[in-house]
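Commentary on secondary and tertiary structure
Take a look at the letters that make up each chain.
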Amino acid sequence: MKKVLGLVASQRKLGNTEMLVKEVLANTGADCEKEMIRLTDLNLEYCKACYACLPREMNCRIKDDLAFLLGKLQEADAVVLGAPVYFLGPHGVIKVLHDRLLSVGSKQHLFQGKRCVTITTYGAWGWEGYARSVLNLTAHFLHLDLVDSFVIHGANPGEVWLNPATLERVREVGRALFDPGYRKVPGENQCPACWGDFFRFKADGTVECPLCGTKGKVDHNGLKPVLSFESSGHNRISPEGKREHFENWLVIKKEEFLAKRAQLKELQKPYGAYDWWVKPPVQAE
Ligand SMILES: Cc1cc2nc3c(=O)[nH]c(=O)nc-3n(C[C@H](O)[C@H](O)[C@H](O)COP(=O)(O)O)c2cc1C
């Protein structure tokens, strides 16, 4: 039996994200086992930047719910990841989770091949921001196989269903989730890897996706700019790109740190004397 895991990055009960994720899951068929996790219900601490999870065979040392979440992801055959836009980015729990994925960066084998769909909900027209791209990066840094990604408008809870096309689109995703032929591609002038739609224009006339690093160029069809991208597929979220960063660069940086620890400690020392920290008073029970 196939298993699908729905991840909801919103605290709002029966909010737009939760309902959209549930609608996808509900359409995967009776023979598909379903599980859901509200990411904000988990105890996910911030990454402490201790690098104890490097190299590859190590795990994160923080004893919280990350291991539970990664276990559930490992058990699943497909993942539906939903988050609302908050201040132009995804809900903060996505960033907290994202930072904890340092321990997963070199463990491609654990999650590879699991299909993933991302759903981004937003409420203010034109305020979608960069949330979808970050959500897609989360999927890629978990090594999931991103087959579709969509952005849906709806401010108040329930508003997403005011557009009947949304319900149809979401149901179709659920029905197609395990169909090997189901794979949507980003549209024109979108990054082919992370679906981002903002770019860094370089001095040499090329463009680069600032998130995943996919490179391309700009041509003009009359006055209309047309972007085209390198077909090599090499970027930060490609298997080679991730290996380069997580298994090579980061591991080398850690070794460098261990070798130069005494020297670096000396450089830190004077700043330890500046003890200007303030903390909020302890609240009475
Ligand atoms: C703190 C906060 C910040 C928000 N920021 C944005 C925003 O930048 N852009 C936007 O379009 N909607 C924004 N919204 C609206 C939500 O994205 C929208 O209501 C969404 O449907 C909420 O999904 P949910 O019901 O699953 O929580 C914000 C909502 C909150 C609570």
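Before reading further, recall that the structure is shown in the block above.
A brief structural summary. (Residues numbered from 1 in each chain as written. Predicted model: local features only at pLDDT ≥ 70, side-chain atom pairs only at ≥ 80, totals over all residues.)

**Observations concerning the site of the ligand**
Quick note on the threshold: By definition, a residue lies near a molecule or strand when the C-beta atom built from its backbone is within 6 Å of it. Numbering of helices and strands runs from the N terminus, with a helix taken as a DSSP run of H or I at least four residues long and a strand as a DSSP run of E at least two residues long. Three classes are used: nonpolar for Ala, Val, Leu, Ile, Met, Phe, Trp, Tyr, Cys and Pro, charged for Asp, Glu, Lys and Arg, and polar for all others, with Gly counted as polar.
Close contacts around the ligand come from 20 residues, with Gly15, Thr17, Pro84, Gly123 and Trp127 the closest. At the level of secondary structure, the elements contributing two or more residues to the shell around the ligand comprise α1 (16-26), β3 (78-86) and β5 (115-122). Considered class by class, the residues forming the shell around the ligand number ten nonpolar, eight polar and two charged.

**Observations concerning the pairing of β5**
Rule in force here: Exposure classification rests on a simple neighbour count of other C-beta atoms within 10 Å of a residue's own: a residue reaching 20 or more is buried, one at 12 or fewer is exposed, and one in between is partly exposed. C-beta atoms are placed from the backbone. One bridge is not enough; two strands pair if DSSP finds at least two bridges between them.
Among the eight residues that make up β5, eight are buried, leaving the element largely enclosed by the rest of the structure. With burial as the criterion, each face of β5 is covered, one bearing Arg115, Val117, Ile119 and Thr121 and the other bearing Cys116, Thr118, Thr120 and Tyr122. Pairing geometry for β3 and β5, over seven bridges, is parallel. Across the sheet, residue Pro84 finds its bridge partner in β5, namely Thr121.

**Here we look at the sheet that holds strand β7 (residues 200-201)**
Read from one edge to the other, the open sheet built from four strands follows the order β7-β8-β9-β10, with strand pairing classed as antiparallel. Looking along the sheet, the strands with just one partner apiece sit at the ends: β7 and β10 (224-229). Judged from the six bridges that link them, strand β9 (residues 215-221) and β10 form a sheet pairing that is antiparallel. Bridge pairing in β10 places Lys217 opposite Ser228.

**Brief notes about unusual backbone geometry**
Residue Pro55 is reached from Leu54 by a cis peptide bond, and omega for that bond is -5 degrees. As for its placement among the helices and strands, Pro55 is situated in the loop between β2 (32-38) and α2 (66-75). Positioned with a positive phi, Leu88 is a non-glycine residue whose angle comes to about 75 degrees. Among the structural elements, Leu88 can be located in the loop between β3 and β4 (89-90).

**Looking at helix α7 (residues 239-272)**
In plain terms, the rule: A helix's residues, less one, multiplied by 1.5 Å, set its expected span. Fitting axes to the seven residues ending at a residue and to the seven starting there, one defines the bend at that residue as the angle between these axes.
For α7, built from 34 residues, the straight-helix expectation of 50 Å at 1.5 Å per residue is missed by more than 12%, its first-to-last C-alpha distance being only 40 Å. Helix geometry: α7 is bent most strongly at Arg261, by close to 70 degrees. In terms of residue burial, α7 counts as a barely covered element, since only one of its 34 residues are buried.

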